[in-house]
Amino acid sequence: MAARKSIHRLAVLVLGLFAAVASAQPAHENWTWMGGINTLGCGAGQCALPGGVYGTLGTPAAGNLPGSRRNAASWTDNSGHLWLFGGDGLDAGGSQGYLNDVWEFDTSSVEWTWMGGSNMNGPDLGQTGVYGTLGTPAAGNIPGGRFGSAAWTDKSGNFWLFGGLGIFIPPTVPSGVAGYPNDLWEFNPSTNEWAWMGGSNSVLPIDFGVEYGRPGVYGTLGTPAAGNTPGGREDASTWTDSSGNLWLFGGEGWDDTNNFGDLNDLWEFNPSTKEWTWMSGSNSNAGVLGQPGVYGTLGTPAAGNTPGGRDAAVSWTDNSGNLWLFGGEGYLANGRFGVLNDLWEFNVSAKQWAWMGGSSTVGSNCSVDNSNYCGWPGAYGTFGTAASGNIPGSRYGAISWTDGGGDFWLYGGLGFDGDGNEGYLNDLWEFNPSLAEWAWIDGSSTIPSSCLADYFCGEPGVYGTLGTPAAGNTPGGRELAPSWTDKSGNFWLFGGNAVVDCTVNLPLLNDLWRYSPSAANALVTTTPIVTVSPSPSSITTAQTLGMTITVAGQCANPTPTGSVTLTSGSYTSAATTLSNGSATI
């Protein structure tokens, strides 16, 4: 009877644990592969990269697909459709160059439509722009092929595009050259027309004709003027504030006296007045390749604070309309160059920066002469748990989103994992700006260490079944992928740079992924495996049960937390807290 009673108690305990585990573990059936190619046919160090399937201009079709690319511009329209422009990628013939094609993706029909621009790069590796008349939209207008452009969406739902690295035909050069323009464009998705809104429609030889671009016209700090314009640049950071004004920070480009480097200037553009205002940072990189950061006191805004010059950082706008910036590659407090993991907030009302997290100094793996890429490893903490000590590793070219609750999300990039190894990351992070805490949500905290020494490594993708979310799905590690948020709050990403294996570096992808952040808080039921010692056949009512519980579940097999109780008839034990998945009652 004693043994039978103990076995009955054990059965009740298993049922109680089942419920406790079901309430504690997050579901991670969040990623869905929605389109594009999941295999590249790589071999002998080469990949058969997929070109674009354009179909008929203006006509959606299931078989349409943009070619592989990186560093394209992206927007979401008022209907929740996703738009894509340009990038460094492959045209319809599989030729790589500076693209200027425009695409629209309907998230309901899951179909792409080629909406404008060219489907071929041409002999100059990219098409030049058709500017038309300044300020006047027209059906024939189109920006030239480019990548690394700045992009915004205004309050009216129109799209804006600035600069990048693109193809131009300067007055003194007979064929196309790559240069850094400072042209500003507006696109109306309802009329499908572009208008050239500011900046120059050409680039000029700078630095003895070796480089081409346009310097900035800064004017007076804090004062808008019709003649003001940022210099040409690529990989700048952008925001749209709560008033609908467009903001631009840094990037790699030209200051006001034809010096090239990583910029730390902050600009505001008013779409109503069509005027730029230089708001903070330096207008000169004379004698340096980038201005150092002025960090001040952690968490304290101050007039003299400013991030150092950088490119390929990520950005978010919070619910108060303040601007946030993370990482990139650039310059720290002492002028040292590296891959960054510093976090900044700019208060739009006070016009002040505050250093909010991450490091202000280079990692211990940085050389004194700035000759190597270096940075800080990530502090991942406990999977799915926000903590003040958590911080993503240094990285650039990451992907960012903001969810419906105002939290910031960060994915991948080229940077440093939890062990300090550099490569293409596939980790997903969530940041709560109210608590100022990061949580590692998905992906790996480490990258493979088995690659050749002269190649970056990266986690491969797990694609699963097309269109079907699954717990194990995840995009492969990558950088410079365009991204969107649809009207349902889902996150999307497309293509980017990645690594296929240890011998194939930097292929361009055209896979399309959707992530559902709402599913991150859903609950999943997993069945615990209970091991009892001593064995049930020899247990008496007077004995103590030593129990070890493990969960064979999802999301890296998380250890269950909480407490358990043992009940039988009128007897109920005291609640005992699980420690590393175990409780002794």
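Everything numeric here is computed off the predicted structure, so don't read it as measured data.

Spatial ordering of the open sheet is given by β7-β10-β11, a layout of 3 strands whose pairing is antiparallel. Lying at the two open borders of the sheet, with one neighbouring strand each, are β7 (146-147) and β11 (177-179). Across 2 bridges, β7 lies against strand β10 (residues 165-168) in antiparallel orientation. Each residue of the ladder has a partner; that of Phe-147, found in β10, is Leu-165.

This part covers the packing of aromatic side chains. Scanning the entire structure with this criterion turns up 53 aromatic pairs. Where Trp-429 meets Trp-438, the ring centres are 6.2 Å apart and the plane angle is 90 degrees; that geometry is what we call edge-to-face. The pair formed by Trp-429 and Trp-438 is uniform in burial state, with each residue classed as buried. Stacked on the ring of Phe-147, the Lys or Arg Arg-70 has its end atom at 4.9 Å from the ring centre.

Next up on the list: the pattern of salt bridges. Summed over the entire model, instances satisfying the criterion amount to 7 salt bridges. For Arg-233, the salt bridge identified is with Asp-265, shortest N-O distance 2.8 Å. You can see Arg-233 sitting in strand β16 (residues 233-234) and its partner Asp-265 sitting in strand β19 (residues 260-270), a full 32 residues away along the chain. Classification of Arg-233 as buried rests on a relative accessible area of 1%. Residues Arg-310 and Asp-342 are paired through a salt bridge, measuring 2.8 Å at the closest nitrogen-oxygen approach. Taken together, the positions of Arg-310 in strand β21 (residues 310-311) and Asp-342 in strand β24 (residues 337-347) put the pair 32 residues apart, joining distant regions of the chain. Each member of the pair, Arg-310 as well as Asp-342, is classed as buried.

Right, let's get into the side chain of Asn-64. Tracing the backbone through its elements, the reader meets Asn-64 in the loop between β1 (31-35) and β2 (69-70). A distance of 3.1 Å separates the side chain of Asn-64 from the backbone oxygen of Trp-112, its partner in a polar contact. Setting aside residues no more than four positions away along its own chain, Asn-64 makes contact with Val-53, Tyr-54, Gly-55, Thr-59, Trp-103, Trp-112 and Thr-113.

Calculation notes
Residues numbered from 1 in each chain as written. Predicted model: local features only at pLDDT ≥ 70, side-chain atom pairs only at ≥ 80, totals over all residues. Heavy atoms only, no water. Pairing = 2+ DSSP bridges. Helix = DSSP H or I, 4+ residues; strand = E, 2+ residues; numbered from the N terminus. Phe/Tyr/Trp six-rings, centres within 6.5 Å; stacked < 30°, edge-to-face > 60°. Buried < 20%, exposed > 50% of the residue type's maximum accessible area, 1.4 Å probe, protein only. Lys NZ or Arg CZ within 6 Å of the ring centre and 35° of its normal. Salt bridge = Lys/Arg side-chain N within 4 Å of Asp/Glu carboxyl O. Polar contact = N/O pair within 3.5 Å; in protein donor to acceptor, adjacent residues only side chain to side chain. Contact = heavy atoms within 4.5 Å.

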